[in-house]
Amino acid sequence: MSNWLVLVCLILLACAVCGRVATMLGQNRVIGEIVAGILLGPTLLGAWFPQVSAKVLTPESIEIVRALGELGLIMLMVEVPWHAAGVGEWRGGQRAPALIASLGIVLSFFIGCVIGAWSKPSIAPTPPYWSYVIFCGVALSVTALPVLVRIIQEHGGIDGQAGRLSLSAAVYTDVFAWFALAMVLALHLGGAGGVSESLLKVCGLLAYAGLMFVVVRPWLKNRIAHTALSERSRVAVALVYCLGSAQVTAMLGFHQAIGAVMAAYVFHDLFSMEQAWRRWIGRFGHLFLTPIFFACSGIQVSLAAFGEPSLWLWLLLFLLGGTIGKVLGSYIGARASGLRPIVSIEVGVLMNTKGLVDLVVLGVGLEVGVLSESSYSVLLVLAIVSTALTNPLISLLASRSRKSMPGL
């Protein structure tokens, strides 16, 4: 059996076991799948079974598995608009969700940039200064909408008002995350050519986005309406379109995930595409491809690096800074919108949920050289811990809310 096939089987088995354990502990499966990758990386398999690791984790097998993970990422990105659809409807209008999202983003972004500038000489001496600093701000300010949707669906103790507001606000942070990632990539990849090349890349991306939404979307809507395509054919066209769009944004100097998200927003609400996609592709992607993506995120982490006390210090600073910035900023926004203190804190805790978006952002940062391996490990562990803390904190707040007086 080929080494890459053995590695794929190991990853899927480890993801199934660790994902099951995570759900038994009240956590999201994503946490277990990332931990599975960490265990298969240099932390456990590489340290305890070096001969097995050297035989299985060859550069060729890692490259193939990473390609499968990228495909799984594109599958996930296609579903982003369906998570956003409907959750942005807040009966009080968009002022409250926008205020919560904006204050949470601004405060956590500022704190992330400060800690990033402070930590750079220690854990990221090689990456360019401004790209790394701004990237740290972005990493601390995002909220993972798909993971947040799943947490709110699975947790029975979340206040309904807090859940709806958090989901609505998370839509704004999702848009900010992809836009900010595009800007950082333009700044970083255009560094050799200066600001003019970065602006040219951004203009190219904006022109491509305009072409898709102004020209391609109306044409596609009209074409499908007048063509007797079967459900499978529509899904096949959508898949090819997403893969092509991902390749276009890669050629423009951005990550494939950005192109996949843009393509998904073009066709996501056309002709029951959500049900068709989930029926023909989504189930396979969730079972086989997306676990590989999350595991690949963990394989690149070496917890052996945390043998240095300084890395634990930076992890603690990033965790405190990110949590305080996101929770406090969202809390202020929720209080300004008229919510009770306990509900406002619950909104802040929910908005601090990391996961998919943060993993994508961090993976892109490591791939293009904005992050060093040490800073990537610190920020990935930060994302895992932030997400893992959401359920127990929400349970604690729910218990406190039940005991509190109605007028609190």
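This structure is a prediction, so every number in the text was calculated from the model and none was measured.

What counts as what
- Residues numbered from 1 in each chain as written.
- Predicted model: local features only at pLDDT ≥ 70, side-chain atom pairs only at ≥ 80, totals over all residues.
- Heavy atoms only, no water.
- Helix = DSSP H or I, 4+ residues; strand = E, 2+ residues; numbered from the N terminus.
- Contact = heavy atoms within 4.5 Å.
- Buried < 20%, exposed > 50% of the residue type's maximum accessible area, 1.4 Å probe, protein only.
- Polar contact = N/O pair within 3.5 Å; in protein donor to acceptor, adjacent residues only side chain to side chain.
- Expected span 1.5 Å × (residues − 1).
- Arc of directions from axis to C-beta.
- Phe/Tyr/Trp six-rings, centres within 6.5 Å; stacked < 30°, edge-to-face > 60°.

I would appreciate a short explanation of the environment of Cys-296 in the present structure.
You can see Cys-296 is positioned in helix H13 (residues 273-299). In this structure the C-alpha to C-alpha distance between Cys-296 and Gly-363, which are 67 residues apart in sequence, comes to 9.3 Å. If near-sequence neighbours (up to four positions away) are discounted, Cys-296 is found in contact with Val-65 and Arg-66.

Whenever I open this one, the side chain of Thr-249 confuses me. Can you help?
Relative to the helices and strands, Thr-249 is located in helix H11 (residues 231-251). Using a relative accessible area of 0% as the deciding quantity, one classes Thr-249 as buried. Side-chain polar atoms of Thr-249 contact the backbone oxygen of Ala-246, separated by 2.9 Å. Setting aside anything within four residues of it in sequence, one finds Thr-249 in contact with Leu-205, Tyr-208, Phe-254, His-255, Gln-256, Ile-258, Gly-259 and Met-262.

Looking at this structure, I do not really get helix H1 (residues 3-24). What am I missing?
Residues that lie three or four places apart on an α-helix share one face, since the helix turns once every 3.6 residues. A rise of 1.5 Å per residue sets the reference length of H1, with its 22 residues, at 32 Å; its end C-alpha atoms lie 32 Å apart and thus fit the reference within 8%. By the burial criterion, the buried members of H1 are Leu-7, Val-8, Ile-11, Ala-14, Cys-15, Cys-18, Gly-19 and Ala-22. Projected down its long axis, H1 shows its buried positions confined to an angular sector of 140°, all on one face. Looking at H1, the residues exposed on the side facing more than 90 degrees away from the buried face are Leu-13, Arg-20 and Met-24. Two residues or fewer after H1 comes Gly-26, characterised by a positive phi angle close to 85°.

Is there a simple way to explain the packing of aromatic side chains in this structure?
A ring pair, where both rings are aromatic, is described by two values, the distance of the centres and the angle of the planes. Scanning the entire structure with this criterion turns up seven aromatic pairs. Aromatic side chains Trp-118 and Trp-314 sit 5.4 Å apart centroid to centroid with 90° between the ring planes, which places their arrangement in the edge-to-face category. Here the residue Trp-118 occupies a position in helix H6 (residues 95-123), and Trp-314 occupies one in helix H14 (residues 309-336), the gap between them amounting to 196 residues. Classification of Trp-314 as buried rests on a relative accessible area of 8%. Between Tyr-129 and Trp-130, the aromatic rings sit 5.1 Å apart at their centres with planes inclined by 85°, giving edge-to-face as the arrangement.

What is shown is where atoms sit, not what they do.
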